[in-house]
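Examining the three-dimensional arrangement
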Amino acid sequence: MREQYRSVDFTERDLSPDPMDQFARWFRQVAVGGVLHEPNAMIVSTAAPDGRPSSRTVLLKQYDDRGFVFFTNYDSRKGRELAANPYVSLLFPWHPMARQVIVTGTALRTSREETVGYFRTRPHGSQLGAWASAQSTVVDSREELIRRYEELAARYPEGEKVPAPPHWGGFRVVPETIEFWQGHENRLHDRLRYVREGDEPGVGKWRVERLCP
């Protein structure tokens, strides 16, 4: 199985000076028109202290000049791995447009205020689900999971305020590199990568380098 990508050239002169602004441009393009289902879906890759990697798809909930934010159970596998090893990779696989965005950086917990503020915007059922699921742990059956949920639904009926779980919250990925990948025919893809200059996360200028496909 092989696909010949046919796209317009993506060159350095097309880039914004700031990678988050460039991400916003591309994200707006993929988010309109219904070309992609859940364009904010991204693959989050983490690694345990012994180097064993793991990946999963989560939803991007916010991005700004500070980085990319997603929410999860801090006791989940990714939460535990990020607590021990904060280095992380994000991948936005926008295949219908022959595009990818690849981010490497450091994951930091969001403030409790940010977490609670976002939790309040979640549907009631999703709020209950955050309590019902001890994410990444073994459960005896689906029936057991439903039982936990139904007990919580009886305790917090629709309209009742559900407290944000203390073990649940956000991670902000502060980028060190952001690569914009545009597919072309004959595997002559454009790969333009921003690299942060300076050792302090979130501070410094960016340089752009072109990578061979």
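Residues numbered from 1 in each chain as written. Predicted model: local features only at pLDDT ≥ 70, side-chain atom pairs only at ≥ 80, totals over all residues. Heavy atoms only, no water.

Let us now look at the overall build of the protein chain. When helices and strands are counted, the protein chain shows 5 helices and 9 strands. Overall, the C-alpha framework of the protein chain stretches about 55 × 40 × 35 Å when taken along its three principal axes. Taking the intrachain contacts of the protein chain between residues at least 6 apart in sequence as the baseline, contacts between residues at least 24 apart amount to 63%. As presented, the protein chain carries roughly 12200 Å² of accessible surface, and 51% of it is formed by carbon and sulfur atoms. Side chains of the protein chain give 30 positive and 29 negative charges; the mean places of these two sets differ by 1 Å. (Helix = DSSP H or I, 4+ residues; strand = E, 2+ residues; numbered from the N terminus. Contact = heavy atoms within 4.5 Å. Areas by Shrake-Rupley, 256 points an atom, 1.4 Å probe, with all protein chains shown as cover. Lys, Arg positive; Asp, Glu negative; His and termini not counted. Charge placed at Lys NZ, Arg CZ, Asp CG, Glu CD.)

Structurally, Gln-29 can be placed in helix α1 (residues 19–31). Along the primary structure Gln-29 and Gly-159 are separated by 130 residues, whereas in three dimensions their C-alpha atoms are 36 Å apart.

Here we come to the pattern of salt bridges. Scanning all chains against the criterion turns up 15 salt bridges. Of the charged contacts in the structure, one is a salt bridge between Asp-64 and Arg-66, with a shortest N-O distance of 3.2 Å. For Arg-66, a relative accessible area of 41% corresponds to the partly exposed category. The residue Arg-207 makes a salt bridge to Glu-209 at a minimum N-O spacing of 3.6 Å. Linked through salt bridges whose partners overlap, the residues forming this network are Asp-64, Arg-66, Glu-114 and Arg-172. (Salt bridge = Lys/Arg side-chain N within 4 Å of Asp/Glu carboxyl O. Buried < 20%, exposed > 50% of the residue type's maximum accessible area, 1.4 Å probe, protein only.)

Here Arg-122 lies in the loop between α3 (112–119) and α4 (124–132). There is no salt bridge for the buried Arg-122, and the closest opposite charge comes from Glu-38, which lies 11 Å off by N-O distance. Among the polar contacts listed, one links the side chain of Arg-122 to the backbone oxygen of Ser-126, at a separation of 3.0 Å. Residues contacting Arg-122, with those up to four places away along its chain left out, are Gln-127, Ala-130 and Trp-168. (Polar contact = N/O pair within 3.5 Å; in protein donor to acceptor, adjacent residues only side chain to side chain.)

Time to look at the environment of Glu-179. Here Glu-179 lies in strand β7 (residues 168–182). Considered as a pair, Glu-179 and Leu-91 are 88 residues apart in the sequence and their alpha carbons are 9.6 Å apart. Apart from the residues lying within four places of it in its own chain, the contact partners of Glu-179 are Gln-100, Val-101, Ile-102, Arg-191, Leu-192, Arg-193 and Leu-211. Among the polar contacts made by the side chain of Glu-179, one reaches the side chain of Arg-191 at a distance of 2.6 Å.

All right, on to α1 then. Counted at 1.5 Å a residue, the expected span for α1 with its 13 residues is 18 Å, and the 18 Å between its end C-alpha atoms agrees. When we look at burial in α1, the residues that qualify are Pro-19, Met-20, Gln-22, Phe-23, Ala-24, Trp-26, Phe-27 and Val-30. Regarding α1, its N-cap is Asp-18, as a side-chain oxygen of that residue lies 3.0 Å from the backbone nitrogen of Met-20 further along. (Expected span 1.5 Å × (residues − 1).)

A separate point is unusual backbone geometry. Working note: non-glycine residues mostly have negative phi, and peptide bonds are mostly trans. Unusually for a residue other than glycine, Ala-98 sits at a positive phi of about 55°. Take Ala-98: it is sitting in the loop between β5 (87–94) and β6 (99–109). Judged by its relative accessible area of 8%, Ala-98 falls in the buried class. If you check the backbone angles, Asn-186 has positive phi at about 60° while not being a glycine. With respect to the element layout, Asn-186 can be found in the loop between β7 and β8 (190–197). By relative accessible area, Asn-186 is classed as exposed at 53%.

To continue, consider the side chain of Ser-16. Assignment of secondary structure puts Ser-16 in the segment before α1. The exposure class assigned to Ser-16 is buried, which follows from its relative accessible area of 5%. A polar contact is formed between the side chain of Ser-16 and the side chain of Asp-21, at a distance of 2.7 Å. Those residues in contact with Ser-16 that sit more than four places away from it in its chain are Asp-21, Gln-22, Arg-25 and Tyr-194.

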